[in-house]
Every structure is written in structure tokens, then in C-alpha cells.
Amino acid sequence: MALQAKAPALAVVILGVLWVLFRSSEKRKDARITVGSPRTTGRSPRSPRSAGGQSPKLALSGSLRSRRRPLHEQVMEAFSSALLSVTELVQPRKNAVADAAPTTAAEAAPEDDNKVFIYYGSQTGTAESYAKDIEDECKQRGVAVEVLDLETFSDEAFSQHKNVIMVVATYGEGEPTDNSRAFHDWIIKESSPDCLKGMNFTVMGLGNTQYAQFNAMGALCEEKMQTLGAKLFYERGIGDDNDDIDRDFEQWKSKGPLIDKICDLVGAGAGETQAAGGIPDAKAVVEKLPLVIDFHDHAQDAVMATEDAVADGGSTTLEKVFFALQPVVVSTVRELRQAPCQDQGLLTAHVDLDLSGSSLAYCTADNADLLPENDPELVQWFAQALDAGSYLDRHMSFSTNEGVDSGKKPWAPCTVRDALVRYLDLTQLPGKKVLMQLGAFVPSPEAREVLEKLLEDADALKGLHSAEFQMSFREFWLIYFSGIEIDLSAFLQICPRQKIRPYTISSSSKATPKTISITCSMVVTPLDKTIALAARLTELEGKGLAPAGAAAKLEGSRKYFGVASGYLTKRLAVGQTVLTKVATSSFRLPEDASKPVIMVSAGTGIAPMRAFLQEFKHLKRGGEAGKSVLFFGCTHKERDFIYEDEIEEALKMGHLSQFVPAFSRMQDHKIYVQDRVREHGAAVKELLTSGGLLYICGATAMGNAVFSVLGELGLDVTQLRKDHVIIEELWG
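**A few points about the overall build of the protein**
Point 1. Summing up its helical and strand segments, the protein has 27 helices and 22 strands in all.
Point 2. The buried share of the protein, reckoned over its 732 residues, is 49%.
Point 3. For the protein, the computed accessible surface area is about 33,100 Å², with 52% contributed by carbon and sulfur atoms.

Structure representation (C-alpha cells):
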């Protein structure tokens, strides 16, 4: 009560202090430095006013200006906040108990009854993009909706929601994604009975059938949320990234369809779509962008011009990853093949990364999540297509767009060149949503009409994305975005983000704690896809789904190298910096050294096995240790027998008990690693049934063939995988 009595006097004191600060700021106005003088600035390439009547805001996005709020505005805001605090002292809450948050959805505030909350758990951005697709459909039907990153999960808030949609991916062997670990732990360990009573929910689960614990997070959500009292209003969806996950998602939505079920749930206008599909207006696209990006000659100018309201950290799953990466220096790059050939894509690189200048630490055979760099030639091509060649070495500042209170930087401060090289996916053909946004900046009505027809034909668009044709972003741009007039600021925000690539670390943390090793082979797209794509474009042209002469615009023979593999095998050099982070792996040697260890690999799948051999050497494994057997497959002993010297040394020193090679091209008939496992089947079965573990790494086809052999031996592969007797990392 004493404090309440003094509150009016306290308010007067605060007002006086803030008024002095306000007057001081006014006197300092003339002393301020104006950021971005005409001498050092210029308009962003592709002035937006030529792209169909964009807003004046976009037209100014290339000019440099300070968007920081004046100090006197900040002072007055602080005063308002202080006055509010004083008012709360004078008028304390009458009933603290009445203001307490509800504990279950059944007790939630009525205003949330008609709102849908969409949570996503995403590792690579797919679940996030699906969540936002559902959000768009809800908005078109007038449904109040909010998309939430599970990283922000609060059990108190979650328990109060009436209507929830979970879009969750499964990572690795049944694990939650990094951003959904808190939710995962809560729902299996910390939640209380009936805490979700009154909630309606559905789940879209994403996974990959290559893994034994396929879609585990989606299944867990469905089971546990119902156990806690929530009601499933729409059947769970299952997406398989090993097949066609986009198709799975679309089919799941269309069963009800989902949007109609949502409208029934919240009482929105069923069947009343407020916005038609198709290519949007360029002005509408720009107005929805969260940021305006400006360009400066000097890094310090860019820092000074960036608004305080634009924080670090990224606003999407992939952008958040960018801020988690650390720079490490390349200390070794060497070719591992005995007979390399770059023209044929026959390169395998061993790369060592020095961790001494970072805070990174790892365990043997963990994953190194590496951010690849785009080919400099491709970066230059897009810079020219965007009329931005002169902007490549300019620095970027960020400010919020009109109507946006705050935002987050998509990446750390850098030049336009850095953004194009590192942070944007310039290779893979984007999905429909991005192509729609970019299509808004195509000035020709005829070209827009053809593009819109293509984008509305799901099968035709899917075909261009397929492995059969594998159309690139560059090729699509040449054919469908001819004459595009897009502001560089808009392109940098619309273009898909580069994804990190996980590589199983091929070194032992005990032997080399400050060095991470990566083993990578070049990936090359077959050249015969050129003819197939040309024929497909001609067919689409006949249906009005491609512009006239589309096939002729293809740039000669189509020879593409994988973004990451090309970067590691062709362009990386000692002394360069790589952005990476460390993620845990399922590959762990048994704590009990007496357990037998069987290692099966082919090609670069030997990476974790090489790490194990290093660890065996460091620990001087042998003697009383369990038997260790390595099966390894490649084409020829004198061509691609990688790490041959280290394997021979391990055998000689007794750290490796037995080595079984499979050289597929050294004899008249092909011999693969699964054939060698079959030949030694009795010994393999004995080791596995006497407490041994089997580690397998390499191509999915190889892994499935080995599993088939194990089945022939009478082993229950499914159970062995679930019991983690078989530990696998398979891809492709």
C-alpha cells in the first residue's frame, strides 16, 4: 500500500527524467550522421516500378536510407511503458485467481474456439512449408489461423488450444527434429492426464521408409494426444520422402477435404473461397514480404542502416540453421581414388576441417551438417539474369516492410555475392508456391498465361521435377521467366534457401578431437536427360504449357554436378572456410569392447567405418576385444579402393580382425558386398546371435540387398533394426 501511495509522485519523477532525455535528443539531431548518402548508394537493379505497378515502398527498396526510429520516439515509448507500470501499481489486479490461465482446452477463452493453431516440427523446412500451405488455405476461407514453430512450444499455451494441426517430421531413427525435442519430451514424460481434454486435432507425419522407425513422430503425436484427452477430427496423414512426399501431402488434404473439415470445426464459411488461385499480382507479392533489403558499398554502412527491429536468428527453419553454423578452416583436401577422372565424375575427396578456431566438438561418426556453396559460374549467371552484376560485392542492410513491426535477418551480414553463393538454392527447381511468386514479375501477359497453365497442371509440373527430366532452376528461368523484371530485394527473399548436407564424420574424436574428416564422391547427372527433357518440353508446348521454341532454349548438353559433391571434390582448397555444425549420429561403438562388430559398406559408405578403425587404433583394440569384421565394396582394387592403406594397417596391427572386399568389376561376373555377406553367412549369423552389432552404411539399394541376405539366413531384420542390433545410414 505504501508503494501505491507514492505512485503519483513516482510518475512525475519519471516524466521529468524522460523529458530531459527527449530535449537532449532534439539538440543532437544536427549532429547525426546520415547513412547512405547518394555518393555511396544506388537503386536496386530491376526498378520495381517497371514490373506492373508495384508499391512505392518497393520502388525505394534499392535506395539506401536509415530506417532507425528517432531517439525521441523511443523515449516517448519508454515513458508510456513506465506510466502503464505505475498505473498497474495504483490499480492492482482485483482477483489474481480469476486471471489465472486455464489449464485445459475445455477451459480456454471463447475467442480461441474458432482459431486453428498449426504447429510444425521441421529439420529441412518441408514440414514448415506444408504448415504454411494449410495456413494459406485457411485464410482463403476466412479461418483465423496461426502457425507456430515447435521450438516455441509452451505446455501451458498448448494445453489451452481448441483446434490444433500438427505437421511433424521424424529425423533419423525415430527421433524428433531439433525444434520439436521439448514437445517430444513433454508429451512422453511430463504431460498430465486429460490435459488436452477439449482439444480437436489432426496430424500430418513426415518420414522416410528407408528407416525402421518410419514416421515415428507422427504416430507418437496421434497416440499420445488422444491419450491425454484430445479428439482426432481428421485422420493422420503419412508422407514418405523416399517416394513422393508432396503427393502424399496433397492427397491427405484432399480426402476430406481437410479445409472443409476445418471450416466445420470452427464454423467458418464452407465452400466460400475468398481468393482464387493463380499467379498473384506483383504488388501483392511485394507487400507480403517481411523485409526490405538495401545495398551499400561498405559493411559498416549496412550495419548502421539495419533497423533495430530486425533481429538475428532467421525466421524459417533453414534460416535458423544458418545462424547455428560455425566457420571452420579446411586443413586437408586429397583425392582418394587410384584412378580419378573428373570428366566422368570419378572423384572421391577426403577433407579435413580444423575445429580449433570454433566451439564445435563431436563424437566418433557423428554427422557434420555442411552448407555447400553454389558454383561461381551459376552465381554469375543469376546475377546477370537479375541485372545485378554490379551489386555482387555490395553489403546488405535489412529493414521491415510496411505494416511489419519486426523481422529477422535471413542470414548473417554479408555481400550479395555471399548470399547467392551460400544461402540460396540456385540449382533445384523450386516448388509451385515460389514459382507462382516469381511469375508475378513476368511482364508479358502471354508468358504469364502459359506459366499459370503449367503451374495449375500438377502432373506436368511434377514431371519437370522428377528424376526422369530433372529440370534445373536455371533452365526453367530461361524458358518461363524470359524478360522477368524483379527487384533484387524481392528475389533474395523469395528464392528457396540452401539446405545443409549431412555427412557422416569419417574420423575418431578420441584420435583427432580437433579435426573432422569428411569423405565425399562426386555426383553427376546423366547426359541422356537432355534429349528426354527436350522431347518433354516439345510435348508441353503442344498443350499450351510451354512457350514456343522452349526446347531450343536448353543450353547444349546437360551435365550437372551435385551442389555439395561438386563443391567438396572440385572447388574446395586448403585454407578456405566452410560453414558447418555437428549433429549426433546413431553410429556408436558398443561400450562393451567384447561385443563383436560387423561393418558393411560400399563406396563412401566406408566413412563411419574408417572412423571406427581410427578409434580401434587409438584404443589399441585387440586381444580380448570382440571380433571386428569389415565388408567393403567398390568397383576395382586399382581404381577406387579408398583408404586401402589404412585398412591394411588395421589388419597388420590387429585392430581389425577380418577384411572381406567385394570388387564388382575385377572378374567376369559382378560381385557385390551382399554376395560376400552371403558367402560368410554362417559366421555373420553367429556373431549377431551372440551379442554382436552390425553397422551398415551406403546406398539404399545395397542396404536392402544385405537385409534380404540376412533374411535368407533366418534373421528377423525388422526386429534387429528395432532393437538397434542393426545400425544403419542409407541414402539415395
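**Structural notes on the pattern of salt bridges**
Opposite charge on two side chains makes pairing possible when the charged atoms of those side chains draw close.
Point 1. Tallied over the full model, the rule gives 38 salt bridges.
Point 2. Note that Arg588 and Asp366 form a salt bridge whose closest N and O atoms lie 2.6 Å from each other. Of this pair, Arg588 sits in the loop between strand E17 (577-583) and strand E18 (597-602) while Asp366 is found in the loop between strand E11 (348-354) and strand E12 (367-371), placing the two residues 222 residues apart along the sequence.
Point 3. For Arg588, a relative accessible area of 31% puts it in the partly exposed group.
Point 4. Judged by relative accessible area, Asp366 falls into the buried class, the value being 3%.
Point 5. What you see here is one network of salt bridges that share partners, running through Glu137, Glu250 and Lys253.

**So, the nonpolar core**
Point 1. If you look at the biggest cluster of nonpolar residues, it comprises 74 residues, and the most contacted ones within it are Trp477, Tyr480, Phe481 and Phe491.
Point 2. A total of 6 residues in this core trace back to one element, the largest contributor, which is helix H13 (residues 376-385).
Point 3. Among residues more than four places away in sequence, those in contact with Tyr480 are Val442, Val450, Leu451, Leu454, Leu537, Leu540, Leu545, Ala546 and Pro547.

**Some words on the sheet that holds strand E16 (residues 515-521)**
Point 1. Spatial strand order, E15-E12-E17-E10-E11-E16: 6 strands in an open sheet with antiparallel pairing. Of all the strands in the sheet, the pair left with one neighbour each is strand E15 (501-504) and E16. Strand after strand, the sheet turns through a mean of 40° between neighbouring axes, direction not considered.
Point 2. Note: strand E10 (residues 326-335) against E17, 4 bridges, orientation antiparallel. Bridge pairing in E17 places Val329 opposite Thr577.

**Thoughts on helix H18 (residues 473-480)**
Point 1. In terms of burial, H18 is largely enclosed, as 7 of its 8 residues are buried.
Point 2. Of the residues making up H18, those classed as buried are Phe473, Arg474, Glu475, Phe476, Trp477, Ile479 and Tyr480.

**Overview of the packing of aromatic side chains**
Point 1. Under the definition given, this model contains 28 aromatic pairs.
Point 2. Geometrically, the ring pair formed by Phe382 and Phe491 is stacked, given 6.3 Å between the ring centres and 25° between the ring planes. Highlighted residues: Phe382 in helix H13 and Phe491 in helix H19 (residues 488-494), separated in sequence by 109 residues. An identical accessibility class is assigned to Phe382 and Phe491; each is buried.
Point 3. Pairwise contacts between aromatic rings join Trp381, Phe382, Phe473, Phe476, Trp477, Tyr480, Phe481 and Phe491 into one cluster.
Point 4. Here the guanidinium or amino end of Arg394 rests over the ring plane of Tyr391, the centre of that ring lying 4.6 Å away.
Point 5. Between the NZ or CZ atom of Lys570 and the centre of the ring of Phe561, over which it lies, the distance is 3.8 Å.

**Regarding the pairing of strand E20 (residues 658-663)**
Point 1. Of the pairings in the sheet, the one linking strand E19 (residues 628-634) to E20 comprises 6 bridges and is parallel in character. Following the sheet pairing, Phe631 is matched in E20 by Val660.
Point 2. Regarding the hand of the β-α-β motif, the stretch spanning E19, helix H23 (residues 644-653) and E20 is right-handed.

**Overview of the environment of Gly205**
Point 1. Mapped onto the elements of the fold, Gly205 is located in strand E5 (residues 200-207).
Point 2. The buried category is assigned to Gly205, whose relative accessible area is 0%.
Point 3. It is 9.2 Å that separates the C-alpha atoms of Gly205 and Phe249, two residues lying 44 residues apart in sequence.
Point 4. The residues contacting Gly205, other than those within four sequence positions of it, are Val168, Asn215, Gly218, Gly237, Ile238 and Gly239.

**A few points about the packing of H13 against H18**
Point 1. In the contact formed by H13 and H18, the axes pass within 11 Å of each other and the chain directions differ by 25°. Compared by their axis directions, H13 and H18 come out roughly parallel. Pair H13 / H18 crosses with left-handed handedness. Residues Glu377, Leu378, Trp381, Phe382 and Ala385 of H13 lie in contact with H18, whose contacting residues are Phe473, Arg474, Trp477 and Leu478.

**Some thoughts on the confidence of the model for the protein**
Point 1. When pLDDT is averaged across the protein, the result is 85; 83% of the residues are at 70 or more.
Point 2. Note that pLDDT drops below 50 for residues 17-44; the model gives that stretch 42 contacts with residues more than four away or on any other chain.
Point 3. Below a pLDDT of 50 lies the segment residues 82-102, which in the model reaches 16 contacts outside its immediate sequence neighbourhood of four places, other chains included.

**Side note on H23**
Point 1. Among the residues making up H23, those that are buried are Glu644, Ile647 and Ala650. Across the axial projection of H23, the buried residues extend over an arc of 130°, all falling on one side. What points out from H23, more than 90 degrees from its buried face, is the exposed set Asp645, Lys652 and Met653.
Point 2. Considering only its buried residues, H23 is in contact with helix H22 (607-619), E19 and E20.

Reading guide: rules and limits
- Residues numbered from 1 in each chain as written.
- Predicted model: local features only at pLDDT ≥ 70, side-chain atom pairs only at ≥ 80, totals over all residues.
- Heavy atoms only, no water.
- Helix = DSSP H or I, 4+ residues; strand = E, 2+ residues; numbered from the N terminus.
- Buried < 20%, exposed > 50% of the residue type's maximum accessible area, 1.4 Å probe, protein only.
- Areas by Shrake-Rupley, 256 points an atom, 1.4 Å probe, with all protein chains shown as cover.
- Salt bridge = Lys/Arg side-chain N within 4 Å of Asp/Glu carboxyl O.
- Core = buried A, V, L, I, M, F, W, Y, C linked by side-chain atoms within 4.5 Å.
- Contact = heavy atoms within 4.5 Å.
- Pairing = 2+ DSSP bridges.
- Axes fitted to C-alpha atoms, helices over the stretch in contact; angles between N-to-C directions.
- Phe/Tyr/Trp six-rings, centres within 6.5 Å; stacked < 30°, edge-to-face > 60°.
- Lys NZ or Arg CZ within 6 Å of the ring centre and 35° of its normal.
- Right-handed = clockwise from strand over helix to strand, strands pointing away.
- Parallel < 35°, antiparallel > 145°, perpendicular 65-115°, else oblique.
- Left-handed = near helix turned anticlockwise from the far one by under 90°.
- pLDDT = per-residue confidence, 0-100.
- Arc of directions from axis to C-beta.

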